[in-house]
Amino acid sequence: MGLFSLKKKESLSLPKELLDEKVVVSVTDDIPNKKITKFVSAVFADKTYIPTMRKPEEHFTKIREEAQYLAMQQAMKLGANALVGFSISFAPYNVQGSKWGGSIVVAAGNAVTYTHRTLPRNY
């Protein structure tokens, strides 16, 4: 455990596997074979990353995934079943009063609802 890991840990209220089934994530503005029916809200989630562990790249991947799942969870709470235009951003900063540098990891996307696209009868 790192020096800065003493804060209360945030936990996801749903298992990741269930979130993956309930909320589709797309980096584009649409979802193949789906019709977006409603824009719900812009969604943002952030996590702080301070490289204090022995394998910082593995810890960073975990933080990035947690930010994504937090955004998915927010979208689901708003009644959405997808996030489109999804992106992950990173911003470095210096931890006040320390030699440590960290990053803020921000997940963002548009929470939407979709239905399956129906093909015309003569298709």
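Residues numbered from 1 in each chain as written. Predicted model: local features only at pLDDT ≥ 70, side-chain atom pairs only at ≥ 80, totals over all residues. Heavy atoms only, no water.

Visitor: Could you give me a rundown of the nonpolar core, with the residues and numbers involved?
Guide: Counting 18 residues, the largest nonpolar core has Val43, Ala71, Met72, Ala75, Leu83 and Ala111 as its most contacted members. Residue assignment for this core shows that the elements contributing at least two residues are strand 2 (34-49), helix 2 (56-77), strand 3 (82-94) and strand 4 (101-116). Sort the elements by how many residues they give to this core and helix 2 lands first, with seven residues. Excluding anything up to four places from it in sequence, Ala71 contacts Val43, Ala45, Leu83, Phe86 and Ala107. Ranked by size, the runner-up nonpolar core spans five residues in total, among them Ile31, Val84, Val112 and Tyr114. (Core = buried A, V, L, I, M, F, W, Y, C linked by side-chain atoms within 4.5 Å. Buried < 20%, exposed > 50% of the residue type's maximum accessible area, 1.4 Å probe, protein only. Helix = DSSP H or I, 4+ residues; strand = E, 2+ residues; numbered from the N terminus. Contact = heavy atoms within 4.5 Å.)

Visitor: Please provide a residue-by-residue account of unusual backbone geometry, values included.
Guide: Positive phi, close to 60°, is recorded for Asn33, a residue that is not glycine. Looking at the element boundaries, Asn33 is found in the loop between strand 1 (24-25) and strand 2.

Visitor: Residues and numbers for the side chain of Lys47, please.
Guide: Summarising the element assignment, Lys47 is placed in strand 2. Using a relative accessible area of 12% as the deciding quantity, one classes Lys47 as buried. Only 3.2 Å separates the side chain of Lys47 from the side chain of Glu66, close enough to count as a polar contact. (Polar contact = N/O pair within 3.5 Å; in protein donor to acceptor, adjacent residues only side chain to side chain.)

Visitor: Can you break down the sheet that holds strand 1 residue by residue, with the values?
Guide: To summarise the sheet geometry, strands pair through backbone hydrogen bonds and adopt either a parallel or an antiparallel arrangement. Across the sheet, which stays open at both edges, the four strands sit in the order 1-3-4-2 with mixed pairing between neighbours. A single partner strand is all that each edge strand has here, and the edge strands are strand 1 and strand 2. Across eleven bridges, strand 3 lies against strand 4 in antiparallel orientation. Across the sheet, the residue bridging to Ala82 is Val112, located in strand 4. Most of the contacts of helix 2 go to strand 2, to which it runs at about 140°, and overall it touches strand 1, strand 2, strand 3 and strand 4. (Pairing = 2+ DSSP bridges. Axes fitted to C-alpha atoms, helices over the stretch in contact; angles between N-to-C directions.)

Visitor: Describe the environment of Ser87, naming the residues involved and giving the relevant values.
Guide: Note that Ser87 resides in strand 3. Classification of Ser87 as partly exposed rests on a relative accessible area of 33%. Other than its neighbours up to four places away in sequence, Ser87 contacts Val106, Ala107 and Ala108.

Visitor: Could you give me a rundown of the packing of aromatic side chains, with the residues and numbers involved?
Guide: Per the counting criterion, the structure on display carries two aromatic pairs. Summarising the aromatic geometry, the rings of Tyr49 and Phe60 are spaced 4.7 Å apart at their centres and angled 80° between planes, so their arrangement reads as edge-to-face. Here Tyr49, found in strand 2, pairs with Phe60, found in helix 2; they are eleven residues apart in sequence, far enough to count as distant. Residue classification places Tyr49 among the buried positions, given a relative accessible area of 8%. (Phe/Tyr/Trp six-rings, centres within 6.5 Å; stacked < 30°, edge-to-face > 60°.)

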